Amino acid sequence: MDDRSAGPRGIALTERQRIAWLRLIRSDNVGPATFRDLINHTGSAETALEMLPELSRRGGASRVIRVASKAEAERELEIADRHGAAFVGIGEPDYPPLLRQISGAPPLLAVKGNRRVATAPAVGIVGARNASISGMKFAGMLAREIGRVGYTIVSGLARGIDTAAHRASLDTGTIAAMAGGLDKPYPPENIGLLDELTAGMGLAVSEMPFGWEPRARDFPRRNRLIAGMSIGLVVVEAAVRSGSLITARNAADFGRLVFAVPGSPLDPRCEGTNGLLKDGATIITTPEDVLEGLRPLSEPDLFKPQPGAGEPADDGLSGLGLPPSDGERERIAEALSQVPAEIDEIIRHTGVAASAVYLVLLELDLAGRLERHADGRVSMAAD
């Protein structure tokens, strides 16, 4: 099974669009979901940038929102170029095809290495940092055999299982998802592995700016990238409270297959994987178990770009329409609290048109007054 011969498909951004996209995602209070809503409402990143101050003011911002400048974006592009890296947009040919299908996918990814591996079906392999020798050997065997049939192996460049998976798939294709900027790899002892990976059949990806030192709260975002890029996820040794289980939960939420390797009940490194098996993960003891489980999902259509991944054609029209009335704004604000709510619930409760609800939520978000949750729900931000 090797879909790489089909070639990448998508629509490339112009350099002007790339700069505008980078400016928008680097501006205050603009995350992936807000970025998407802004593009949907305004039609382009350039128009969204012009609208940011007004939208945040209407949302009740206490200060003027910081909009990333063209000079800042151009400087980051120059830094990326100096590192042999680039930024790939969500609708472009080299963007991982399954990642673009998840809610809140990064609009831009910083990438370095062999971009061709990003367009092939991928399998994630994650596990304990303090892995056993047998666990690392098994992870390496899985990565080697799964990679040989055409899958890219995705992992997080961590110690232990991640390292074993990357090393075993250096010749067949591997992707390292990073929690910090591409120039700030973690852990430091894997800098050599990262260099070897990006110089050959590997790719490093990050949604964070260059120079960004990874913090504890950045690793769940990294784990989300691993799950989002993968058609299936294999967990080899994981404690009960571990990043690997966060990745597994993300994978399940995205509709991916989750595989787990059984282990001794006496080994705390296997408590998490055994728990996944109790919760319905597929048990595997050989690479063939993974390949057999993936076979029904490995259809070429899964890896085609989805429509609407880029900017709409510039027809000079704005998608914003008339702003909501004061009464509608008040009803929407009153419906919100610090308890997360579905947007459809807000629409039904208020009786306000969906377009107006989405616009008010966007304004509150840009003003820093709204919190978006991973499951798509929203709530008022804590004071």
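This is a predicted model, so every value here is computed, not measured.

Conventions we followed
Residues numbered from 1 in each chain as written. Predicted model: local features only at pLDDT ≥ 70, side-chain atom pairs only at ≥ 80, totals over all residues. Heavy atoms only, no water. Salt bridge = Lys/Arg side-chain N within 4 Å of Asp/Glu carboxyl O. Helix = DSSP H or I, 4+ residues; strand = E, 2+ residues; numbered from the N terminus. Pairing = 2+ DSSP bridges. Contact = heavy atoms within 4.5 Å. Axes fitted to C-alpha atoms, helices over the stretch in contact; angles between N-to-C directions. pLDDT = per-residue confidence, 0-100. Phe/Tyr/Trp six-rings, centres within 6.5 Å; stacked < 30°, edge-to-face > 60°. Buried < 20%, exposed > 50% of the residue type's maximum accessible area, 1.4 Å probe, protein only. Lys NZ or Arg CZ within 6 Å of the ring centre and 35° of its normal. Parallel < 35°, antiparallel > 145°, perpendicular 65-115°, else oblique. Nonpolar A, V, L, I, M, F, W, Y, C, P; charged D, E, K, R; others polar. Core = buried A, V, L, I, M, F, W, Y, C linked by side-chain atoms within 4.5 Å.

J.: Even after reading the chapter, I still don't get the pattern of salt bridges, so can you show me in this structure?
T.: Opposite charge on two side chains makes pairing possible when the charged atoms of those side chains draw close. Here the structure, examined in full by the defined rule, presents 24 salt bridges. Ionic pairing is found between D28 and R66, a salt bridge with its closest N-O pair at 3.4 Å. Taken as a pair, D28 in the loop between α1 (15–25) and α2 (32–42) and R66 in the loop between α3 (45–58) and α4 (70–82) lie far apart in primary sequence, 38 residues in all. Here the salt bridges share partners, and the residues they tie into one network are E54, R57, R58, R329 and E363.

J.: Would you take a moment to explain the sheet that holds strand β2 (residues 108–113) for this structure?
T.: Working definition: the strands of a sheet are paired by backbone hydrogen bonds and lie parallel or antiparallel to each other. Pairing in this open sheet of nine strands is mixed, and the strands run β1-β2-β6-β5-β4-β3-β7-β8-β9 from one edge to the other. Only two strands of the sheet have a single partner each, and these edge strands are β1 (85–89) and β9 (282–283). Each of β3 (122–127), β4 (152–155), β5 (174–177) and β7 (232–236) is contacted by helix α6 (residues 161–168), which is oriented at about 145° to β3, the strand it contacts most.

J.: Help me understand the confidence of the model for the protein, please; the structure alone is not making it clear to me.
T.: Any residue range with low pLDDT should be treated as having predicted coordinates unsuitable for detailed reading. With 91% of its residues at a pLDDT of 70 or more, the protein shows a mean pLDDT of 90. Across residues 2–7, where pLDDT falls below 50, the model places 15 contacts with residues more than four positions away in sequence or in other chains. Under a pLDDT of 50 for its full length, residues 305–309 has, in the predicted model, nine contacts with residues more than four places off or in other chains.

J.: Would you explain the packing of aromatic side chains in this entry?
T.: Describing an aromatic ring pair means giving the distance of the ring centres and the angle of the ring planes. A full pass over the atoms with the stated rule returns three aromatic pairs. Ring geometry for W21 and F35: centres 5.2 Å apart, planes at 70°, overall edge-to-face. Placement of the pair is W21 in helix α1 and F35 in helix α2, with a sequence separation of 14 residues. This pair shows no difference in class: W21 is buried, exactly as F35 is. An angle of 70° between the planes, with centres 5.8 Å apart, marks the rings of Y186 and F219 as edge-to-face. Note that Y186 is positioned in the loop between β5 and α7 (191–199) and F219 in helix α8 (residues 219–229), a separation of 33 residues in sequence. The positively charged end of R129 is found above the aromatic ring belonging to F219, 6.0 Å away from the centroid.

J.: Where do I start with the packing of α1 against α4 in this structure?
T.: Geometrically, a packed helix pair is captured by the angle between its two axes and the distance between the axes. One way to put it is that α1 packs onto α4 with a least axis distance of 9 Å and a crossing angle of 105°. With respect to α4, the axis of α1 lies roughly perpendicular. Across from R18, I19, L22 and R23 in α1, the residues of α4 making contact are K70, A73, E74, E76 and L77. A per-class count over the contact of α1 with α4 returns four nonpolar, no polar and five charged.

J.: Even after reading the chapter, I still don't get the nonpolar core, so can you show me in this structure?
T.: Soluble globular proteins tend to bury their nonpolar side chains together. The biggest cluster of nonpolar side chains holds 69 residues, and the ones touching the most others in it are L24 and L38. Element by element, the count of residues in this core is highest for α1, at six residues. Setting aside anything within four residues of it in sequence, one finds L24 in contact with V30, F35, L38, I39, A45, A48, L49 and L52. Of all hydrophobic cores here, the second largest spans 25 residues; its members include A131, A143, F259 and L291.

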